[in-house]
Amino acid sequence: MLVDVLSVARGKACECICPACQTPLIARHCKEGHESHFAHDPAFKDEQQYKECELSYPVALRLMLKQIINTTSSLTLPDYTLRYYKTQEPIIVTKAQTLSRPQFDVELEKKGFDAVVKIEGHSLAIFIKYEGRTHIPEIH
Ligand SMILES: [Zn+2]
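In this text, all values refer to a predicted model and were calculated from it rather than measured experimentally.

## Structural notes on the confidence of the model for the protein
- Confidence along the protein averages 88 in pLDDT terms, with 94% of residues attaining 70 or more.
- Least confident of the elements in the protein is helix H1 (residues 45-48), whose mean pLDDT is 69; most confident is strand E6 (residues 97-100), at 96.

Printed below as a string of structure tokens:
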């Protein structure tokens, strides 16, 4: 579970680990002018080789989005229409609406997608794309 740095105890007492490399973290609660943040615990520097840690800003955002979509009680969809590539006919993907559980259900990490949202017997597959994310699931 991802947590806000200010929601946990200061220092090693936070008992948090890095979501990317699993190295224990230190919560640094900073004063004005400095942003509070987590840092890898230097005591594990050699053991974990965290210099290779791949937790980037987009990866952190993806983890946060997945946590939110998996735990949210309501889901707001936009009006979203695609055009079928062969005929250019419009295909309605979603209609603008707000759903509450159990009108929808979420499964994370399914078939290469970050999340699959089940709505009224239909599946809405979500893939969070950003530069550097090379694996893109195939759509059948
Ligand atoms: Zn790390």
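After presenting the structure, the write-up continues.
## Structural notes on unusual backbone geometry
- Note the cis peptide between Arg101 and Pro102, where omega equals 10°.
- With respect to the helices and strands, the residue Pro102 is situated in the loop between E6 and strand E7 (104-110).
- Its identity is not glycine, yet Glu15 carries a phi of approximately 55°, on the positive side.
- Take Glu15: it is sitting in the segment before strand E1 (25-28).
- One non-glycine residue with positive phi stands out, namely Gln22, at about 65°.
- With respect to the secondary-structure elements, Gln22 resides in the segment before E1.
- Classification of Gln22 as partly exposed rests on a relative accessible area of 44%.

## Quick notes on helix H2 (residues 57-71)
- Across its 15 residues, H2 extends 21 Å between first and last C-alpha, which sits within 8% of the 21 Å expected from 1.5 Å per residue.
- For H2, the complete set of buried residues consists of Val59, Arg62, Lys66 and Ile69. For H2, the angular spread of the buried residues around the axis is 95°, confining them to a single face. Exposed side of H2, more than 90 degrees from the buried face: Tyr57 and Thr71 are the residues found there.
- In this fold, the buried residues of H2 make contact with strand E3 (74-77), E7, strand E8 (113-119) and strand E9 (122-126).

## A few points about the pattern of salt bridges
- Using the criterion set out here, one finds six salt bridges in the structure.
- In this structure, Arg101 engages Asp105 in a salt bridge whose closest nitrogen and oxygen atoms are separated by 3.7 Å.
- Residue classification places Asp105 among the partly exposed positions, given a relative accessible area of 44%.
- A salt bridge links Asp114 to Arg133; the shortest N-O distance between them is 2.8 Å. Taken together, the residues Asp114 in strand E8 and Arg133 in the segment after E9 connect sequence positions 19 residues apart.
- Ionic contacts of the salt-bridge type, sharing partners, join the residues Arg62, Asp114 and Arg133 into one network.

## Looking at the sheet that holds E7
- Strand order across the open sheet formed by three strands is E7-E8-E9, with antiparallel pairing between neighbours. A single partner strand is all that each edge strand has here, and the edge strands are E7 and E9. Sheet twist, expressed as the average angle between the axes of neighbouring strands with direction ignored, equals 25°.
- Bridging between E8 and E9 involves five bridges; their strand directions are antiparallel. Residue Ile119 lies in a different strand from E9, and its bridge partner there is His122.
- Packed onto the sheet, H2 meets E7, E8 and E9 and runs at close to 150° relative to E7.

About the thresholds
Residues numbered from 1 in each chain as written. Predicted model: local features only at pLDDT ≥ 70, side-chain atom pairs only at ≥ 80, totals over all residues. Heavy atoms only, no water. pLDDT = per-residue confidence, 0-100. Helix = DSSP H or I, 4+ residues; strand = E, 2+ residues; numbered from the N terminus. Buried < 20%, exposed > 50% of the residue type's maximum accessible area, 1.4 Å probe, protein only. Expected span 1.5 Å × (residues − 1). Arc of directions from axis to C-beta. Contact = heavy atoms within 4.5 Å. Salt bridge = Lys/Arg side-chain N within 4 Å of Asp/Glu carboxyl O. Pairing = 2+ DSSP bridges. Axes fitted to C-alpha atoms, helices over the stretch in contact; angles between N-to-C directions.

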